[in-house]
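# Per-entry structural report
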Amino acid sequence: RRSRPLFLPAQPADLRRLLSSIPYEEWGAALRGTSTELSELVLKELPPGAKEAVAAALESQTPRARVLAARSRILSQLQEMAADGQIDLGRGVELL
């Protein structure tokens, strides 16, 4: 069964707002099994210390249930922020 893809805002400022609203260790779990393109997109927007932490978490063994839970949390936060007008989904990036 294929899980739902991560959907991220296309604008870097919106992506940075989303990134900072979720603990960085969650991003490492959520990015497990995604495309290199998506991982690189997220990593390049992180501050240096967070970048290393997320990259390390991305490489660690993570139970599938935790990966799916992290993705679900990010998607929920994304929807909430979009509904509140904090970010514009407009032409988001959907990658897996």
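Structural data are supplied above this passage.
The notes below deal with the structure included here. (Residues numbered from 1 in each chain as written. Predicted model: local features only at pLDDT ≥ 70, side-chain atom pairs only at ≥ 80, totals over all residues. Heavy atoms only, no water.)

## Overview of the overall build of the protein
Condition: Comment: elements are numbered from the N terminus, with helices defined as DSSP H or I runs of at least four residues and strands as E runs of at least two. Remark: exposure states derive from per-residue accessible area (1.4 Å probe, protein chains only) relative to the maximum for the residue type, with buried under 20%, exposed over 50%, and partly exposed in between. Computed with the Shrake-Rupley method and a 1.4 Å probe, the accessible areas treat only the protein chains shown as cover for residues.
A count of helical and extended segments in the protein gives five helices and two strands. Evaluated residue by residue, the protein yields a buried proportion of 40% over its 96 residues. Here the protein has roughly 5500 Å² of accessible surface; of this, 49% comes from carbon and sulfur atoms.

## Describing the side chain of T34
Our working rule: Pairs of N or O atoms are called polar contacts if they sit within 3.5 Å, as long as, within protein, a hydrogen donor faces a hydrogen acceptor (for residues adjacent in sequence, only side-chain-to-side-chain pairs).
Secondary-structure assignment places T34 in the loop between α2 (24-30) and α3 (36-44). Reaching out from T34, the side chain makes a polar contact with the backbone oxygen of L31 at a distance of 2.6 Å. Engagement of the side chain of T34 in a polar contact is seen with the side chain of S39, the distance being 3.4 Å.

## Digging into the environment of S20
Tracing the backbone through its elements, the reader meets S20 in helix α1 (residues 12-21). Linking S20 and A50, residues 30 residues apart in sequence, is a C-alpha distance of 9.9 Å.

## Considering the nonpolar core
So the rule is basically this: Side-chain atoms within 4.5 Å are what join buried Ala, Val, Leu, Ile, Met, Phe, Trp, Tyr and Cys residues into a set we call a nonpolar core. Contacts are assigned to residue pairs with any non-hydrogen atoms lying within 4.5 Å of each other.
L8, L18, W27, V42 and L46 are the most contacted members of the largest nonpolar core, which totals 22 residues. Within the residue set of this core, elements represented by two or more residues are α1, α2, α3, α4 (48-59) and α5 (64-83). Broken down by element, the residue count for this core peaks at five residues, all from α5. Beyond its immediate chain neighbours, meaning those up to four positions away, L46 contacts L19, Y24, K51 and V54.

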